[in-house]
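Structure at a glance
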Amino acid sequence: MGSGGSLFGNALAREESGPAGDEGERYLVRQVPGARATKSYRCPGCDQEVRPGVAHIVAWPSDPGGADDRRHWHTGCWSGRSTRGLTRRWS
């Protein structure tokens, strides 16, 4: 699924295809362990909260400047991203 890797902060990010509707886009993805998840985020896959203490995925477009578009996904939502579109788009 993914290939290569890129260092982002102190974590290694892997490259994967994007969500439905963005499959041709490459995304950098990294795991966030529950112990490091200290804030709530809104998952673009299901539009529900990713709560503090929940391990999850952070993904962003791999183009230059793409890190400004980081989104926090439930791990299951990111895994199923090819079969569903985004529930929410940010501008």
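Procedures and definitions
Residues numbered from 1 in each chain as written. Predicted model: local features only at pLDDT ≥ 70, side-chain atom pairs only at ≥ 80, totals over all residues. Heavy atoms only, no water. Disulfide = S-S within 2.5 Å. Buried < 20%, exposed > 50% of the residue type's maximum accessible area, 1.4 Å probe, protein only. Helix = DSSP H or I, 4+ residues; strand = E, 2+ residues; numbered from the N terminus. Polar contact = N/O pair within 3.5 Å; in protein donor to acceptor, adjacent residues only side chain to side chain. Core = buried A, V, L, I, M, F, W, Y, C linked by side-chain atoms within 4.5 Å. Contact = heavy atoms within 4.5 Å. pLDDT = per-residue confidence, 0-100.

Under the criterion given, the structure shown has zero disulfides. Cys77 provides the cysteine sulfur closest to Cys46, a residue in no disulfide bond, and the two sulfurs are 3.8 Å apart. Since its relative accessible area comes to 25%, Cys46 is described here as partly exposed. Left unpaired, Cys77 is separated from the closest cysteine sulfur, that of Cys43, by 3.8 Å. Here Cys77 falls in the buried class, since its relative accessible area comes to 9%.

Moving on, we come to the side chain of Glu16. The residue Glu16 is located in strand S2 (residues 11-17) in this model. By relative accessible area, Glu16 is classed as buried at 4%. Only 2.5 Å separates the side chain of Glu16 from the side chain of Arg14, close enough to count as a polar contact.

As a rule of thumb, nonpolar side chains are buried together in soluble globular proteins. Membership of the largest hydrophobic core is limited to nine residues, which are Tyr27, Val29, Cys43, Val50, Ile57, Ala59, Trp73, Cys77 and Trp78. Elements with a contribution of two residues or more to this core: strand S3 (26-32), strand S6 (56-61) and helix H1 (75-79). When sequence neighbours within four positions are dropped, the list of residues in contact with Ile57 reads Arg14, Val29, Arg30, Gln31, Arg71, His72, Trp73, Thr75 and Trp78. Of all hydrophobic cores here, the second largest spans six residues; its members include Val32, Ala37, Val58 and Trp60.

As a further point, take the confidence of the model for the protein. Averaged over all residues, the pLDDT of the protein is 83; the fraction at 70 or higher stands at 79%. This model gives residues 1-7 a pLDDT under 50, and the stretch forms 19 contacts once residues within four places in sequence are excluded.

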